[in-house]
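Commentary on secondary and tertiary structure
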Amino acid sequence: MKSTPVTLAELEHLMVAVPGGPLLGTVKGNIPGDKSMSHRAALFAGLADGESIIENFLVSGVTQAMLDALTDLGVKWSLDETTLHVWGKGVRGLQPPEAPINCGNSATTLRLLAGALAAAGVPAVLDGSAGLRSRPMKRIVEPLRKMNVPIEATGDGLAPLKLVERAEDEPLKPLNYTLPVASAQVKSCLMLAALAADGSTTLREPGPSRDHTERMLSSMGVEVHWEEKQNAHQQVSTVTTLKAPNPLRLNPLQMSLPGDFSAAAFLIVAALITPGSNVVLQQVGLNPTRTGLLEVLIQMGADIQVSNRSDQGGEPVGDLTIRCSKLKGFIFPPGSAANLVVRMIDEFPVYAVAAAFAEGVTEVRDAGELRLKESDRISALVQELLAIGVDIQETRDGFVIRGGGAVRGGSVQAHGDHRLAMALAVAGLASQQAVTIHQAEVVSESFPGFIPTLRALGANLSEAKIRRSV
Ligand code: S3P
């Protein structure tokens, strides 16, 4: 009998995590380059005058969307393994794209490009996957319009976003603005637009979102000043001021990107919860606006040592040694919760796994932004952790976990969310039975080497392709 060939689209990826022995060893060079910095480095290099060389660039689904967008805008680049060369065209040198720019699943690509195109004055349409079309864009459209950027959203502030041409002798209006929520994507979008403003722009944020744009633009010759302020209730806010360069010119970049702390987070939690583990992660980015997870885990009793601290291209890095630890639950303190939440905003899926293996109650609050990520990271996380036996309850702006009980294992869905897929795999390494993650292909959006990196440490993690059920 003749069988019909199966097309790639009909195949579904499964990832299977089986509980087993300890994770042991050193991860050198395998922690992918930081995702946020890779996006910024590629885009800012495209806006610079001259050739940039960026080493340890993250080669993945989301950063490919940024590189393809640069091609659409007439910027030449080449990738040799993880070294990216970009021949920048200057801010006003970008070419109008012939078709809508497809940002895929990447909100960072879309929001940062909106700011860059606003500065460039180039007409363009920014679009993406169905998932990206459902993410909130009003948060950039409203302040951009205050700067006189000619931009339109679809429906009630969604992508596709449409920018129309702006003449070179029409500078944008400088902005003095308080972001309603702390967001590095929004802040970075506005900072990029502010490069073409007629004066200085000041942005205030109700929390210390990641400051990679500030650091990178400073290293490219832009005058940026940023500082944190703390009130009596330990609430931290930030003020960022950017002076538009005159003439509008960015120096090219030459840097090696630190390992992504948000990728390392999966390895950190895997080592903490898998009995007998002892793992060293080298050259991980330790920017304090990203390491809230470390602080919380250490307060929960995690044995994590930091050594070999140094500076890499204006960003702090170091090595982490993680030993399996008895963890106890953690209640996010009122007041300072928002500060901690923003500094570990991408780590909640894997943090919830650590909390499931910790003794006692963990309560996350002030984390409503999680509902607006690649999935609704509160409800999807709660649904899938319940499916493998975790005692977790959803709240309006977080969740409550009663940890220390048996985590059974089972079959779960990734909800199109790379971080949820990887967090569930980590849970499977220490649960009673295997965890099987459906639609796990999404992992390659941010950490294509996730499975081999964990396998090299001894994890029983594998992938399989099956015919998609209809
Ligand atoms: C990012 C900022 C965060 C984060 C995202 C990357 C960035 O988003 O969740 O993965 O590179 O600026 P928000 O700014 O929307 O909080």
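Quick caveat, the model's predicted, so the values are computed rather than measured. (Residues numbered from 1 in each chain as written. Predicted model: local features only at pLDDT ≥ 70, side-chain atom pairs only at ≥ 80, totals over all residues. Heavy atoms only, no water.)

What follows covers the overall build of the chain. Across its full length, the chain carries 14 helices and 23 strands. For 470 residues, the compact-globule estimate of 2.2 N^0.38 gives 23 Å, and the C-alpha radius of gyration of the chain, at 22 Å, lies within 12% of that figure. Taking the principal axes of its C-alpha atoms as reference, the chain extends roughly 75 × 65 × 40 Å. A total of 470 residues make up the chain; the buried ones form 56% of that total. For the chain, the exposed area adds up to about 18,200 Å²; of that, 49% sits on carbon and sulfur atoms. (Helix = DSSP H or I, 4+ residues; strand = E, 2+ residues; numbered from the N terminus. Rg over C-alpha atoms; globule rule 2.2 N^0.38 Å. Buried < 20%, exposed > 50% of the residue type's maximum accessible area, 1.4 Å probe, protein only. Areas by Shrake-Rupley, 256 points an atom, 1.4 Å probe, with all protein chains shown as cover.)

Ordered by their spatial adjacency, four strands build an open sheet running S4-S5-S3-S14, and the pairing between neighbours is mixed. Looking at the sheet topology across the chains shown, the edges are occupied by strand S4 (76-80) and strand S14 (254-256). On average, each strand axis in the sheet is inclined to that of its neighbour by 10°, with strand direction left out of account. (Pairing = 2+ DSSP bridges. Axes fitted to C-alpha atoms, helices over the stretch in contact; angles between N-to-C directions.)

Quick look at the packing of helix H1 (residues 35-47) against helix H6 (residues 184-194) now. It is at 13 Å that the axes of H1 and H6 come closest, and there the two elements cross at 5°. The angle between H1 and H6 places the two elements in the roughly parallel class. Together, Arg40, Leu43, Phe44 and Leu47 of H1 and Ala184, Ser188 and Leu192 of H6 make up the contact between the two elements. Along the lines of polarity and charge, the residues of the contact of H1 with H6 split into five nonpolar, one polar and one charged. (Parallel < 35°, antiparallel > 145°, perpendicular 65-115°, else oblique. Contact = heavy atoms within 4.5 Å. Nonpolar A, V, L, I, M, F, W, Y, C, P; charged D, E, K, R; others polar.)

What the rule picks out here adds up to 21 salt bridges. Between glutamate 214 and lysine 187 there is a salt bridge whose closest N-O contact spans 2.8 Å. Taken together, the residues span a long stretch of sequence, with glutamate 214 in helix H7 (residues 212-219) and lysine 187 in helix H6 at a distance of 27 residues. One exposure class covers both glutamate 214 and lysine 187, and it is buried. Among the ionic pairs, arginine 323 bridges to aspartate 303, the shortest N-O distance being 3.6 Å. With arginine 323 in strand S17 (residues 315-323) and aspartate 303 in strand S16 (residues 303-312), this pair connects stretches of sequence that are 20 residues apart. Exposure remark for aspartate 303: the relative accessible area of 26% places this residue in the partly exposed category. (Salt bridge = Lys/Arg side-chain N within 4 Å of Asp/Glu carboxyl O.)

This model, assessed by the stated rule, comprises six aromatic pairs. Between phenylalanine 447 and phenylalanine 450, the ring centres sit 5.6 Å apart and the planes meet at 70°, which makes this aromatic pair edge-to-face. Given a relative accessible area of 0%, phenylalanine 450 falls into the buried group. Ring pairing ties together the aromatic residues Phe330, Phe332, Phe348 and Tyr351, which thus form one cluster. (Phe/Tyr/Trp six-rings, centres within 6.5 Å; stacked < 30°, edge-to-face > 60°.)

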